[in-house]
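Tertiary structure, described
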Amino acid sequence: MILDVQDICKNYGPEIRAVDSISFSVAAGEIVALVGESGCGKTTTLKCINRLVDRTSGSIAFMGTDVEMFDPPTLRRQIGWVMQGDGLFPHLTVAENIAVTPRLLGADKTTARARACDLITSMGLSVDEHADRLPDTLSGGQRQRVGIARALAAQPPLLLLDEPFGALDPITRDRLRGDFKALQARLGFAAILVTHDMAEALLLADRIVVMKEGRALTCATPRQLLADPGDSYVESLIETPRRQARAVEALEQGNA
């Protein structure tokens, strides 16, 4: 088991409980999606895992060890992090951005550069064209590819992704999701994907945790959710992509 989250809560003062008794696990090579509306606790849950914030109660075990046993910077170097908007260092080149964590872990410049160039290629970019460019010369999709490559640079067993495709146009988003899924299958890392897009979760995840007001309503595979949502709120989330698919089909058939 890569990650085991049990009954975690996160309170902000006596009145606000952002996360309320969330439990789920992530196996090696598995993608788990956290889905729900803005403010439901998805990102707070993610931040509790790598200790950007500390949980109020419950337990989080990474590779069998409670995350509170790790020094936070050491923990974060073992867990990849991809955020919406990429978070690249603007003064570093693409290759230098990707090489940051390997360098922090002791790799020499040559080794870190070689790792960066391998990941640039793996993310569908050109070493000759992109390695020595600054982030502000890239498109949004290219920047997000570099962000994913940087998160994978230290070969972490777990990747945390917070709305990584949300700011992209639909075509770029679809291509990058497909490339990410193929890369994850090839490299075998586990991932937790935070998204408000149920269609994205259904297409990418092995299991989906649906959250509302800080609580987990269900944890199930995409097929299980489609067959039996088990909750009216979960059903409403699933109905959105279904309704859109029906509308597109009607257009194609000339019935709309």
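Above this text sits the structure in question.
Anyway, here's the lowdown on the structure attached to this text.

Cut-off values and rules
Residues numbered from 1 in each chain as written. Predicted model: local features only at pLDDT ≥ 70, side-chain atom pairs only at ≥ 80, totals over all residues. Heavy atoms only, no water. 1 Å grid on protein atoms, 1.4 Å probe; cavity = no way out; pocket = protein on both sides within 12 Å on 5 of 7 lines; lining within 4 Å. Points joined across faces, edges and corners; volume = space filled by probe spheres on them. Helix = DSSP H or I, 4+ residues; strand = E, 2+ residues; numbered from the N terminus. Nonpolar A, V, L, I, M, F, W, Y, C, P; charged D, E, K, R; others polar. Core = buried A, V, L, I, M, F, W, Y, C linked by side-chain atoms within 4.5 Å. Buried < 20%, exposed > 50% of the residue type's maximum accessible area, 1.4 Å probe, protein only. Contact = heavy atoms within 4.5 Å. Phe/Tyr/Trp six-rings, centres within 6.5 Å; stacked < 30°, edge-to-face > 60°. Pairing = 2+ DSSP bridges. Axes fitted to C-alpha atoms, helices over the stretch in contact; angles between N-to-C directions. Expected span 1.5 Å × (residues − 1). Polar contact = N/O pair within 3.5 Å; in protein donor to acceptor, adjacent residues only side chain to side chain.

This part is about the layout of surface pockets. Estimated volume of the largest pocket: approximately 470 Å³. Lining the largest pocket are 19 residues, with Arg 76, Ile 79, Trp 81, Thr 101 and Arg 150 sitting closest to its centre. Considering each element in turn, the lining of the largest pocket owes the most residues, four residues, to strand β6 (residues 79–83). Of the residues that constitute the lining of the largest pocket, the class distribution is 11 nonpolar, five polar and three charged. Taken as a whole, the second largest pocket holds about 200 Å³ of empty space. Looking at the lining of the second largest pocket, the elements with two or more residues in it are α3 (94–104) and α4 (109–122). The leading source of residues in the lining of the second largest pocket is α3, at five residues. Partitioned by chemical class, the residues of the lining of the second largest pocket number five nonpolar, one polar and five charged.

Right, let's talk about the nonpolar core for a bit. Ranked by internal contacts, the top residues of the largest apolar core, which has 44 residues, are Ile 98, Ile 148, Leu 159, Phe 180, Met 198, Ile 208 and Val 210. In this structure Val 210 touches Val 35, Met 198, Arg 215, Ala 216, Leu 217, Thr 218, Leu 225, Tyr 233, Val 234 and Leu 237, once residues within four positions along its chain are discounted. Counting residues in hydrophobic clusters, the runner-up holds 29 residues, among them Ile 2, Val 32, Cys 40 and Leu 158.

So, about the packing of aromatic side chains. Taken as a whole, this structure holds three aromatic pairs when the rule is applied. With a centroid separation of 6.1 Å and an interplanar angle of 55°, the aromatic rings of Phe 62 and Phe 70 are classed as tilted. For the pair Phe 62 and Phe 70, one class covers both residues: buried. Arranged with centres 5.8 Å apart and planes meeting at 55°, the rings of Phe 180 and Phe 189 form a pair that is tilted. With respect to burial, Phe 180 and Phe 189 carry one shared label: buried.

Here we take up the sheet that holds strand β5 (residues 65–66). Read across the sheet, four strands follow the order β2-β1-β4-β5 without closing on themselves; strand pairing throughout is antiparallel. If you trace the sheet from one side to the other, it starts and ends with β2 (16–26) and β5, each paired once. Across two bridges, the pairing between strand β4 (residues 57–62) and β5 is antiparallel. Paired with Phe 62 across the strands is Thr 65, a residue of β5. The sheet contacts of helix α1 (residues 42–49) involve β1 (3–12), β2 and β4, and relative to β1 the element is tilted by about 115°.

Next up on the list: α4. Helix length check: α4 (14 residues) gives 20 Å between terminal C-alpha atoms against 20 Å at 1.5 Å per residue, within 8%. Turning to α4, its buried residues are Ala 112, Arg 115, Ala 116, Cys 117, Leu 119 and Ile 120. Contacts from the buried residues of α4 go to α3, α5 (127–130) and α6 (140–151). Two or three places before Thr 110, at the opening of α4, Asp 108 has a side-chain oxygen 3.1 Å from that residue's backbone nitrogen. Just downstream of α4, Gly 124 is the residue with a positive phi angle, here 80°.

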